[in-house]
Amino acid sequence: MADLQSTLNIPLPLATIMVQRGLLLADEGREFLYPTLQALPSPFLMKGMQEAVEIIQHAIKTKQPIVIYGDYDVDGVTATAVLIKFFSYLGVPCCSCHPDRFKNGYGLKAELVEGLSPQRPGVLITVDCGISDLAPVVRLVDQGWQVIITDHHQPPEQLPPAHAILNPWQAGCQFPSKDLAGVGVSFFLVMGLRNYLQQQGYWQEQAQTPPNLKKLLDLVAVGTISDMVPLRGTNRILAKAGLEVLVETDNPGLIKLLELCHFPRGQNLTTEDISFQIGPRLNAAGRMGDAGRASTLLSSGDPVVVRQLAEVINRENMARRELTTQLVAEAIAMVEAQGPCQQPCLILHDRNWHLGLLGIISSKLVDLFHKPTIIFGGMGVLKGSARSIPGINIHEIISACTEKILEYGGHSCAAGLSLKEENFQPFVTMANEVLMRYGGSNEQHPRLNVDFVMTDKTEFADLETTCAQLAPFGQGNPEPIFTTDRPCRLRNMQVIGKEKNHLRFAAFLADRWLEGVGFGFASVAEQAVNGEALLTLAFSLKENRFNGQTKPQIMLHDVLI
Ligand SMILES: [Mn+2]
C-alpha cells in the first residue's frame, strides 16, 4: 500500500481503498486512475465482428434497407442512437424501432421488422436484445433478412441462426471485457465499422473524414451507467471519458435534456446525475409509451423535433413520477394491511398497477423493508418484477418455482417473470418456502462496508482527492464510506422532510465543520445534549451544488456504536 501510494503519488485513503479493491500493482493502479481511450480493446477481438462489418459494408454499397431494433430501456435507446448517428454521419439511410413494452413485450418481434421494410428484406441489427430470440430470427432469415445480433444478455444454449452475433458472453469470444452494456457492444460495432471502412478505402472514396467516435461517448456513458454494469475496466474507460464528453456535448437531444434537468452547461456530472435525472427521463418514454421518442431525441439533429420530444419525455417522466408515488403508497398500504409480516419475501399483486412501473415499485419497497420483493400487475397472465437485497439471489429463488411460472429471466438482484393469475397464491407460498430453505432473509439491514478509517492525521483535501479520483462510481466501484477512529462533534441538528424523518447537521471532521444530511436518521437528533452530540459516523462525501456554487457535504450512512 505504501508502495502504491508512493509510486503513484496518491493520498493514503486512495491507496488504501485501491488495494482493498484488488488494485495491487502500480500499472493496474495507473490504468484505473488515468483511463485512456487508447487502452480500449480492439473491436475485432469480439467474435462475429468481421462478419458483421462485412455485411453492413455490403449493405451500404448495395443500398439495402438497414433496420436497427433496440430494447425500450435507456441502454436500448442509447445503443440505437449510437448506430443511427453513425449511419447518418455516413449519409446512409436507416430506420429504427423498439418493441412496445405493453403490446409486444421484451425482445425481438419479427412483425415489427417486417413492417418497416415490407417489400424488401434488408439488414437487421438488434441492439441490447435478440440473443434469446430464436423463432423471430429464423422467420426473418427465411424471408431473406441478414440478421446481426448485438446483445449483452446471457446467451441461451441454442443461439439464434443470425449471420453475425456480437455478445462478449458467447462461447469462443476473445473480447476481454465481458460486462459491457448493450450500448457498449453497439459502440464497439461502430468502432469496428469505422476501422473496416477505413481499410476498404471508403472514406477516401467518399471524400469524407472518418467520424470522431469520441463524440458518441456521451450516449455510451448514459446507457452504461443507467444499465448498472460494473464500472471497472472497459466500462470505466467508457463512462469516465463519456461523462467528460457529456459535459460539453453537441448532441442537441442531450443538451435539451441537461437543460430540463437544470444542469448548467459545463458543470461536472456524476453517475448519480445520470441514474436519477437523465436516465429516468429517457426511460419514461418506454415506460409510458413509445421508446422511439427517446432514441429519436438522442439521434435527431432537427431542433424542432428535439425540443418537442424533450418536452414530451419530460412530461411523461412527471406523470411517471406521480403515478409511482401513488402506486408505492398503495403497495405500502397493502403490506401494512397484511399485518406484521413474518414472510421473508414481499410478493404483491394489483390488477391496476401500471406494468411499466413494477420494477420501480419493487426497488422502493426493497429500500423500505429490506426484503426481496416481487411486484405483479395485470390480469389473466400476471407480469412481475423482482428486486433483491445483497446476499439473496432472486433469480435462483424464482428458478426454483418454475412449475408455477410461465416465463422468467434476469440476474441475481433483478428479474422479471410472468405467471397465470390462478397461480399467484401458490407461487407466493412456494417462493417464501424456497427462500426460507435458502437461508431466510433475517438480515434486516444491508451490511455497511467502511472503506477508510480517518485518524487525526487525515487531511480533508486527501478525502476530496480520493473521491474525485475514484469516480465515476457505480456497480463494481462503489462510493467510498469513511469513518473516524474516535467520535466526532455534531451540532445544529435539525429534523427535516415532509415526514420529519431526515436529519440535517454539522459535524467536525478533519479540522473543519462540515454540513451533513442523513436520510432516515431523524432519531439521531434525540441524542443531542445542549444541541451537541459526540458520535462516530460512517459517511460519504458529496458535492452539494447550489446556485452555481459547490461545497462539500457529508452524507450519513450509519452511526456506529
Ligand atoms: Mn441492457
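Residue numbering note: each chain is counted from 1, following its sequence as written. Where local features are concerned, this predicted model is filtered to residues with pLDDT of at least 70; where side-chain atom pairs are given and counted, the filter is 80 or more; whole-chain, interface and lining totals use all residues.

Packing of helix α12 (residues 252–260) against helix α15 (residues 303–337) leaves a shortest axis separation of 9 Å and a crossing angle of 40 degrees. By the angle class used here, α12 and α15 are oblique. α15 is crossed by α12, and the crossing has right-handed handedness. Of α15, the residues touching α12 (which contributes P252, G253, K256, L257 and L260) are P303, V306, R307, A310 and N314. Any residue outside Ala, Val, Leu, Ile, Met, Phe, Trp, Tyr, Cys, Pro, Asp, Glu, Lys and Arg is labelled polar, Gly included; the first ten of those are nonpolar and the last four are charged. Across the contact of α12 with α15, the residue classes tally to 6 nonpolar, 2 polar and 2 charged. Note on definitions: angles span 0 to 180 degrees between N-to-C directions of axes, and those axes are lines fitted to C-alpha atoms, for helices only across the stretch in contact. Segments assigned H or I by DSSP are reported as helices when at least four residues long, segments assigned E as strands when at least two residues long, and all are numbered from the N terminus. Reported orientations rely on four angle classes, namely roughly parallel under 35 degrees, roughly antiparallel over 145, roughly perpendicular from 65 to 115, and oblique for the rest. Crossing chirality is assigned from the near helix's rotation relative to the far helix, an anticlockwise turn below a right angle marking it left-handed and a clockwise turn marking it right-handed. It is the C-beta atoms, placed from the backbone, that decide contacts: two residues are in contact if theirs lie within 7 Å.

Moving on to the nonpolar core. Think of a nonpolar core as buried Ala, Val, Leu, Ile, Met, Phe, Trp, Tyr and Cys residues, each tied to the set through C-beta atoms within 7 Å. For every residue, the other C-beta atoms within 10 Å of its own C-beta are counted; 20 or more classify it as buried, 12 or fewer as exposed, and values in between as partly exposed. C-beta atoms are placed from the backbone. Core analysis: the largest hydrophobic core is formed by 84 residues, its most contacted members being V82 and L124. Not counting chain neighbours up to four residues away, the residues in contact with L124 comprise V67, Y69, V113, L140, W145, V147 and I148. Counting 31 residues, the second largest nonpolar core, distinct from the first, contains L346, I374, C401 and A415.

What follows deals with the pairing of strand β8 (residues 381–387). Burial analysis of β8 places 6 of its 7 residues in the buried class, which makes it a mostly covered element. Where strand β7 (residues 373–377) and β8 come together, 5 bridges link them in antiparallel fashion. Each residue of the ladder has a partner; that of T373, found in β8, is R387. Between β7 and β8, which pair antiparallel one after the other, the connecting turn spans 3 residues, and G378 there sits at a positive phi close to 90 degrees. By definition, two strands form a pair when at least two bridges between them are found by DSSP. Summarising the sheet, β8 and strand β10 (residues 414–420) pair through 7 bridges and their orientation is antiparallel. Counted as the bridge partner of L382 is L419 from β10.

With that out of the way, let us pick up unusual backbone geometry. A cis geometry characterises the amide bond from A471 onward to P472, with omega recorded as 0 degrees. Relative to the elements of secondary structure, P472 occurs in the loop between α19 (460–470) and β12 (482–484). In this structure, H262 takes a positive phi of about 60 degrees despite not being glycine. Within the element layout of this structure, H262 appears in the loop between α12 and α13 (271–288). One non-glycine residue, A510, adopts positive backbone phi at about 45 degrees. Mapped onto the elements of the fold, A510 is located in the loop between β14 (502–509) and β15 (512–518).

As a further point, take the pairing of strand β16 (residues 532–546). As judged from the 2 bridges shared by β12 and β16, these two strands associate in the antiparallel manner. Bridging across to β16, F482 finds its partner in F539. In the sheet, strand β13 (residues 488–496) pairs with β16 via 4 bridges, with the strands oriented antiparallel. Paired with L490 across the bridge in β16 is A533. Two elements, β16 and strand β17 (residues 549–560), share 11 bridges in a ladder whose sense is antiparallel. Counted as the bridge partner of N544 is K551 from β17. Remark: 2 residues form the turn of the hairpin made by β16 and β17, two consecutive strands paired antiparallel; N547 in that turn has positive phi of roughly 50 degrees.

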